[in-house]
Amino acid sequence: MIIVFKPHAEEKDVKRVLDKVEKLGLQTHISQGENTLVVGLVGDTTRVDPKRIEVEESVDRIMKVSEPYKLANRMFHPEDTVIDVSGVKVGGEHLTLIAGPCSVESEDQVLQIARDIKKSGADMLRGGAYKPRTSPYSFQGMGSQALDYLWEAKKETGLPIVSELMAEKHIDEFNEKVDLVQIGARNMQNFDLLKEVGERIQKPVLLKRGLSNTYEEWLMSAEYIMAHGNPNVILCERGIRTFESYTRNTLDLQAIPVLKRLTHLPIIIDPSHAGGKWWLVEPMAKASVAAGCDGVMVEVHNDPESALCDGPQSLKPDRFDSLAKELRTLKELV
Ligand code: PEP
Ligand code: MN
């Protein structure tokens, strides 16, 4: 349920209304726009008699939110949410470029890539430390050591770090060393992990869409994190499973305008895991910016032919360099 206050409603009148609903055991989430104040109510809204709220002088109208996601709902927060990732703004007018290897493989590798992407104007450095691999015999990531190498790369370049959290036991380490905590596609519906992330992760979260999940399921996962205490969620579309097998996944570009309508959270596109081929990254990244995404996350490797993970979909640094420039220009046009 949402209360929309009249423009220029007086603070004391607003407070009286909020006290009324809070006494009923409901939580209030305030969103102050340029002219209007919107307050979302979360909890057992059957306790609220809308007539008792509507009679208030300061209230313009009351709306029911029929969708099961409330905090993530655009109705709760009509303006775009802008999330601060260690000084880098995501959402609103910004175009955020995240780049880096699928997995950290050595200190040298990650430092070299970090220097290159920094020169190209990337905003953040990505790098997997703990990897969700289909096969138990594949490279599983360097774990804690990878986070230390990323930390070194951040010290030198100033780029905030994005890395995937796979298990609750690593939460403290991620709070210490990672700036944007990724929840990967395979864990999008790991509800126990989402609850822990909401309660204990103090950094913003990049929530990837599951392999075969609907928009509503994805937004409900964002809702889990938000309802458990972390409001700073960025969504990431990374391709979905379809009948097509030529590409690794199918990039769902429609997710951008649909999510812009349904939610106030920023949306980032990962064209690398979508297509699975490096030459698809450039056209799909451009299409994503044209469609209004808030950022792009791209896998970049200095030696993709020998990469331990996802080499075929990784751009070399010089290609990322030209892509980054084109995307910035395109953003201006859009
Ligand atoms: C990744 O970003 O390296 C990754 C494993 O992504 P996804 O969860 O989208 O497969
Ligand atoms: Mn990868």
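No experiment lies behind these values; they were computed from the predicted model shown.

## Here's the deal with the sheet that holds strand 1 (residues 2–5)
And step 1. Spatially, the four strands line up as an open sheet ordered 2-3-1-4, and their pairing is antiparallel. On the outer flanks of this sheet lie strand 2 (27–32) and strand 4 (59–63), each paired with one strand and no other. Averaged over all adjacent pairs, the angle separating strand axes in this sheet is 20°, with direction ignored.
And step 2. Pairing of strand 1 with strand 3 (residues 37–42), which is carried by three bridges, proceeds in the antiparallel orientation. Bridged to Ile 3 within strand 3 is Val 39.
And step 3. In this fold helix 1 (residues 11–23) packs onto strand 1, strand 2, strand 3 and strand 4, with an angle of close to 170° to the strand it touches most, strand 1.

## A word on the coordination of the manganese ion (ligand 2)
And step 1. The coordination sphere of the manganese ion (ligand 2), as far as protein atoms go, consists of Cys 102 (SG), His 273 (NE2), Glu 299 (OE) and Asp 310 (OD), spread over 2.0 to 2.4 Å.
And step 2. All donors of the manganese ion (ligand 2) belong to a single chain; written as a sequence motif, their spacing is C-x170-H-x25-E-x10-D. With Glu 299 in strand 14 (residues 295–299) and Asp 310 in the loop between strand 14 and helix 11 (317–333), this pair connects stretches of sequence that are 11 residues apart.
And step 3. Using a relative accessible area of 16% as the deciding quantity, one classes Asp 310 as buried.

## Some remarks on helix 1
And step 1. Relative to the 18 Å expected for 13 residues at 1.5 Å per residue, helix 1 spans 18 Å between its end C-alpha atoms, a close match to the ideal helical length.
And step 2. Turning to helix 1, its buried residues are Asp 13, Val 14, Val 17, Leu 18 and Val 21. Viewed along the axis of helix 1, the buried residues span an arc of 135°, placing them on a single side of the element. Turned more than 90 degrees away from the buried face of helix 1, the exposed residues are Glu 11, Lys 12, Lys 15 and Lys 23.
And step 3. The secondary structure elements touched by the buried residues of helix 1 are strand 1, strand 2, strand 3, helix 2 (50–54) and strand 4.
And step 4. Directly after helix 1, the chain includes Gly 25, whose backbone phi takes a positive value near 90°.

Conventions we followed
Residues numbered from 1 in each chain as written. Chains lettered and ligands numbered in written order. Predicted model: local features only at pLDDT ≥ 70, side-chain atom pairs only at ≥ 80, totals over all residues. Heavy atoms only, no water. Pairing = 2+ DSSP bridges. Helix = DSSP H or I, 4+ residues; strand = E, 2+ residues; numbered from the N terminus. Axes fitted to C-alpha atoms, helices over the stretch in contact; angles between N-to-C directions. Contact = heavy atoms within 4.5 Å. Donors = N, O, S within 2.8 Å, 3.2 Å for Na, K, Ca; no water. Buried < 20%, exposed > 50% of the residue type's maximum accessible area, 1.4 Å probe, protein only. Expected span 1.5 Å × (residues − 1). Arc of directions from axis to C-beta.

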